[in-house]
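# Chains, contacts and geometry: an overview
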Amino acid sequence: MTPTVDDPQAHGLTRVGGRPPLLQYLRGVAKRKDFILSLALYRIEAENQRQRLGLLWIVLKPILNAAVFGLVFGILMASTKTVPDFVSFLVIGVFLFEFFSSTMGSGAKAITSNQALVQSLAFPRMALPVSTVIQKFIGLLPTIPLLMVFLVIMGHRPTWNWLLIVPLLALYYLFCQGVAFMTARLTVHLPDVTNLLPFVTRFFFYTTGIFFSFDLRFVDNPALLEGVQYQPLYAFITLSRELLLDSDPLYDVRPEFWFIIAGWSIAVFLIGTVFFWAAEERYGRVD
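Anyway, here's the lowdown on the structure attached to this text. Computed from a predicted model, the values in this text were never measured in an experiment. (Residues numbered from 1 in each chain as written. Predicted model: local features only at pLDDT ≥ 70, side-chain atom pairs only at ≥ 80, totals over all residues. Heavy atoms only, no water.)

### Quick notes on the overall build of the protein
Looking only at helices and strands, the protein features 13 helices and 0 strands. Shown N-terminal to C-terminal, the secondary structure of the protein runs as helices and strands in the order α-α-α-α-α-α-α-α-α-α-α-α-α. Relative to its 287 residues, the protein shows a buried fraction of 44%. Across the protein, every contact between residues at least 6 apart in sequence was considered, and the portion connecting residues at least 24 apart equals 78%. With an accessible surface of roughly 15500 Å², the protein has 67% of that area assigned to carbon and sulfur atoms. (Helix = DSSP H or I, 4+ residues; strand = E, 2+ residues; numbered from the N terminus. Buried < 20%, exposed > 50% of the residue type's maximum accessible area, 1.4 Å probe, protein only. Contact = heavy atoms within 4.5 Å. Areas by Shrake-Rupley, 256 points an atom, 1.4 Å probe, with all protein chains shown as cover.)

Here it is in structure tokens:
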């Protein structure tokens, strides 16, 4: 059958801004890895140029957060009386939670804050939330050696478990990337979501055990302790504490957390990827 003018796809033509099949779309994202990395590095450089202390803020921000929370919850609310090695416990939680909160917030603005770029150039829009999470991950990496030095100063000896932080961070990256895909799309369709995200972040902060131990606080509520293990951020942060701290039976490693965080990471990443891709045609619209 001879193709007609009304059938442009038969002539090898595709609609501008159209959504390609998922695998083809992901290959297009992978081909732009240099653009993604360059964009992430440019944002880091641009942010640092506006600040006198530059890169130091990457490590100063979580340290100051830990200091504030340590003062409020460790001294004023006396958490140090119940949690062994409370300072180390708190710092690990704050350092890791900071990455989640920053990726969720920045991911939500990945498309909406780059409308000029989205409307003027043809490229897979997924490159934008990917570059955002890579930017935040690059900022997280130097804090990990700093965290380990801090733990040594606090009297914790390095163990082979410390090496397992590498696969844990890889899974954490997948999880946060999936979250960023979801928030990036949601804020395009529902701009009001941006105003709700701080409350979502606060909810996770207070239900993740950043400044208190669920195991100690709710020791008489086994049902709650069983259920909270499946809260993904709680699982990530608790396992990281168990890998890095060995000063108390509270920090004995529970292998089941690996299955929980692996399941969450893969599921959220895959769902987020498909969820974002499904709306590819809508990101550049001006109506």
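### Overview of helix 6 (residues 127–140)
With 14 residues, helix 6 extends 20 Å from end C-alpha to end C-alpha; this agrees with the ideal 20 Å at 1.5 Å per step. When you tally the buried positions in helix 6, you get 11 out of 14 residues, the bulk of the element. Along helix 6, the positions that sit buried rather than exposed are Ala127, Leu128, Pro129, Val130, Ser131, Thr132, Val133, Gln135, Phe137, Gly139 and Leu140. (Expected span 1.5 Å × (residues − 1).)

### Things to note about unusual backbone geometry
Backbone geometry at aspartate 85 places phi at a positive 50°, although glycine is not the residue there. With a relative accessible area of 32%, aspartate 85 lands in the partly exposed category.

### Focus: a nonpolar patch on the surface
There is a patch of nonpolar side chains on the surface, built from Leu196, Phe199 and Val200 and spanning about 290 Å² of accessible area. By secondary structure assignment, the location of phenylalanine 199 is in helix 9 (residues 193–206). (Patch = residues over 30% accessible without salt bridge, like charges linked within 9 Å, V, L, I, M, F, W, Y side chains within 5 Å. Salt bridge = Lys/Arg side-chain N within 4 Å of Asp/Glu carboxyl O.)

### Some words on the side chain of threonine 201
In this structure, threonine 201 sits in helix 9. Accessibility expressed as a relative area gives 16% for threonine 201, which makes it buried. Setting aside residues up to four positions removed in sequence, threonine 201 forms contacts with Phe97, Ser101 and Met104.

### Some details on helix 7 (residues 143–153)
Because each turn of an α-helix spans 3.6 residues, side chains separated by three or four positions end up pointing in the same direction. Listed in full, the buried residues belonging to helix 7 are Thr143, Ile144, Leu147 and Leu151. All buried residues of helix 7 lie within an arc of 100° about the axis, which places them on one face of the element. Phi turns positive, to about 100°, at glycine 155, one or two residues after helix 7. (Arc of directions from axis to C-beta.)

### Describing the side chain of serine 213
Positionally, serine 213 belongs in the loop between helix 9 and helix 10 (214–217). Taking relative accessible area as the criterion, serine 213 reaches 6% and is therefore assigned buried. Not counting the four nearest positions on each side in its chain, serine 213 is found in contact with Val83, Phe89 and Leu250.

### Considerations on the packing of aromatic side chains
Summed over all chains, the structure comprises 23 aromatic pairs. Pairing phenylalanine 97 with phenylalanine 100 gives two aromatic rings, centres 5.8 Å apart and planes at 55°, and the pair type is tilted. In this pair, phenylalanine 97 and phenylalanine 100 both sit in helix 4 (residues 86–108), 3 residues apart, roughly one turn of the helix. Taking the relative accessible area as the measure of exposure, phenylalanine 97 reaches 6% and is therefore buried. Residue class for phenylalanine 100 comes out buried when judged on its relative accessible area of 2%. (Phe/Tyr/Trp six-rings, centres within 6.5 Å; stacked < 30°, edge-to-face > 60°.)

### Details of the environment of aspartate 85
Tracing the sequence through the fold places aspartate 85 in the loop between helix 3 (56–76) and helix 4. Residues aspartate 85 and aspartate 246, 161 residues apart in the sequence, show an inter-C-alpha distance of 9.9 Å. Residues in contact with aspartate 85, not counting those within four places in the same chain, are His156, Ser247 and Tyr251.

### Thoughts on empty space enclosed by the protein
Scanning the entire structure with this criterion turns up 2 cavities of 30 Å³ or more. In terms of lining, the largest cavity is formed by 13 residues, of which the most central are Phe89, Ser213, Asp215, Thr238 and Arg241. Those elements that place two or more of their residues in the lining of the largest cavity are helix 10 and helix 12 (232–244). Of the residues forming the lining of the largest cavity, the biggest block, 4 residues, is contributed by helix 12. Looking at side-chain class alone, the lining of the largest cavity contains 6 nonpolar, 3 polar and 4 charged residues. Lining the second largest cavity are Leu96, Ile144, Leu147, Ile165, Leu168, Leu169, Ser240 and Leu244. Mapped by element, the contributors of at least two residues to the lining of the second largest cavity are helix 7, helix 8 (165–189) and helix 12. For the lining of the second largest cavity, the element with the most residues is helix 8, which contributes 3 residues. (1 Å grid on protein atoms, 1.4 Å probe; cavity = no way out; pocket = protein on both sides within 12 Å on 5 of 7 lines; lining within 4 Å. Points joined across faces, edges and corners; volume = space filled by probe spheres on them. Nonpolar A, V, L, I, M, F, W, Y, C, P; charged D, E, K, R; others polar.)

### Looking at the packing of helix 6 against helix 8
Helix 8 packs onto helix 6 with a crossing angle of 140° between their chain directions and a minimal axis gap of 9 Å. The crossing of helix 6 and helix 8 is right-handed. Contact residues: helix 6 offers Pro129, Val130, Val133, Ile134, Phe137 and Leu140, while helix 8 offers Leu169, Tyr173, Cys176, Gln177, Ala180, Phe181 and Ala184. (Axes fitted to C-alpha atoms, helices over the stretch in contact; angles between N-to-C directions. Left-handed = near helix turned anticlockwise from the far one by under 90°.)

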